[in-house]
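Per-entry structural report
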Amino acid sequence: MKQRVLRRVINIDEDKCDGCGLCAEACHEGAIVIEDGKAKLRNESYCDGLGDCIGECPKEAISFELREAEEYTRVTDEPSRGKNLLPCGCPGSNVMDIRHNGNKRMSESLEQGVADDNSRLLNWPIQLKLLPINAPYLKRSSIVLAADCTGFSLYSFQKTILKDDERVLLIGCPKLDDAELYRQKLAQIIEVNQTPEITVIIMEVPCCGGLWRIAESVASEVNRDIVLNKIVIGIDGNIKDKETIKYRYKAN
C-alpha cells in the first residue's frame, strides 16, 4: 500500500470544465484523462504537482490544493499517457497517421487513368478541438482548415481540396464551437510545428467567415512567415471565391 503524505495535487472543477483536453495534452505524467466529456484525475499518485496543465486550461477549471495524497509515482506505461489521446476518451482515441496502402493505390490509379475511390485523408483526428498540438504528422505540414459544412456541400471535397498531396485536414465550426479556443490552439500548432501554409475552406454564409478571421488573426501574430489561402464554397456546392495572402514575420 502506498504511503500517504501531505503534498500539492491538482483539483479539477468539473462544473467549469468543457472537456477540451488541453490539460491532458499538457500533462507529461498521464495523470489526467477525459471521461464523459470532463477532465478527471486518473490517479492522484501520477500527479507530480508541477502544474503544467493549469496554464493550458481556458476555463480556469484547474487549481492546486495541499492535501494528504498518495506519494508521487512516475508513470512508465507510455501507451496510457495523455499526450497522444483524444479528449473524448473513446476506444479510437489514439493519434493516427493513416497514410497507408490506399494512398499508394490512389497514385497508381491516377497514373493509369482509372477511377479513384480511395480516401485522401492522412490523419486522425480531424476535429481541431480534439487534435494534440504535438501530433507527429503536423510537423512542417501544410494544413487544410475546413468549416464542418464544406465537406458535405462540395461534392468532390477530397479530390478538389485534399488532392493527392500531403496536407493535414482539420475541421471546426466557428459558430457552434469556442472560437477563442480555436485561435489559441491554431497559434500553438503553427509555432510548435513550423506550419508553412494553411488553406481555410468556408461556406459563403456570414457566420462561417469567423473561421477565416481566426486564421487571419493567428497568421498576423505568430513569429514566422506563413501563407494563408481562402476558398469560399457556395450553398449550391460550387467554389465561389479564392484568395491567397502571404504573411511575413517582422522582428522588432
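Everything discussed here concerns the structure shown above.
On a predicted model such as this, the values are computed, not experimentally measured, just so you know.

Sheet architecture is open: 5 strands sit in the order β8-β7-β9-β10-β11, paired in mixed fashion. Unpaired on one side and paired on the other, β8 (168–172) and β11 (239–247) mark the two borders of the sheet. Across the sheet, the mean angle separating the axes of adjacent strands is 15 degrees when strand polarity is ignored. Here strand β7 (residues 143–147) runs beside strand β9 (residues 197–203); their pairing, made up of 4 bridges, is parallel.

So, on to the packing of helix α5 (residues 179–193) against helix α6 (residues 209–221). Two numbers describe how α5 lies on α6: the axes approach to 9 Å, and their chain directions differ by 40 degrees. Taken together, the axes of α5 and α6 lie oblique to each other. Viewed along their axes, α5 and α6 form a crossing whose handedness is right-handed. Contact residues: α5 offers A179, Y182, R183, L186, A187 and I190, while α6 offers I214, A215, S217, V218 and E221. Of the residues in the contact of α5 with α6, the class split is 8 nonpolar, 1 polar and 2 charged.

The subject of this paragraph is empty space enclosed by the protein. Per the stated rule, a full pass over the model turns up 1 cavity of 30 Å³ or more. Of the volumes computed, that of the largest cavity is approximately 80 Å³. Considering the residues around the largest cavity, the lining is formed by C17, D18, G19, C20, G21, C23, A39, C57, P58, K59, A61 and I62. In terms of residue class, the lining of the largest cavity is built from 8 nonpolar, 2 polar and 2 charged.

Take the side chain of T195 next. Tracing the sequence through the fold places T195 in the loop between α5 and β9. Exposure remark for T195: the relative accessible area of 0% places this residue in the buried category. In this structure T195 touches S141, I143, I189, I190, R224, D225 and I226, once residues within four positions along its chain are discounted.

Rules and cut-offs
- Residues numbered from 1 in each chain as written.
- Predicted model: local features only at pLDDT ≥ 70, side-chain atom pairs only at ≥ 80, totals over all residues.
- Heavy atoms only, no water.
- Pairing = 2+ DSSP bridges.
- Helix = DSSP H or I, 4+ residues; strand = E, 2+ residues; numbered from the N terminus.
- Axes fitted to C-alpha atoms, helices over the stretch in contact; angles between N-to-C directions.
- Parallel < 35°, antiparallel > 145°, perpendicular 65-115°, else oblique.
- Left-handed = near helix turned anticlockwise from the far one by under 90°.
- Contact = heavy atoms within 4.5 Å.
- Nonpolar A, V, L, I, M, F, W, Y, C, P; charged D, E, K, R; others polar.
- 1 Å grid on protein atoms, 1.4 Å probe; cavity = no way out; pocket = protein on both sides within 12 Å on 5 of 7 lines; lining within 4 Å.
- Points joined across faces, edges and corners; volume = space filled by probe spheres on them.
- Buried < 20%, exposed > 50% of the residue type's maximum accessible area, 1.4 Å probe, protein only.

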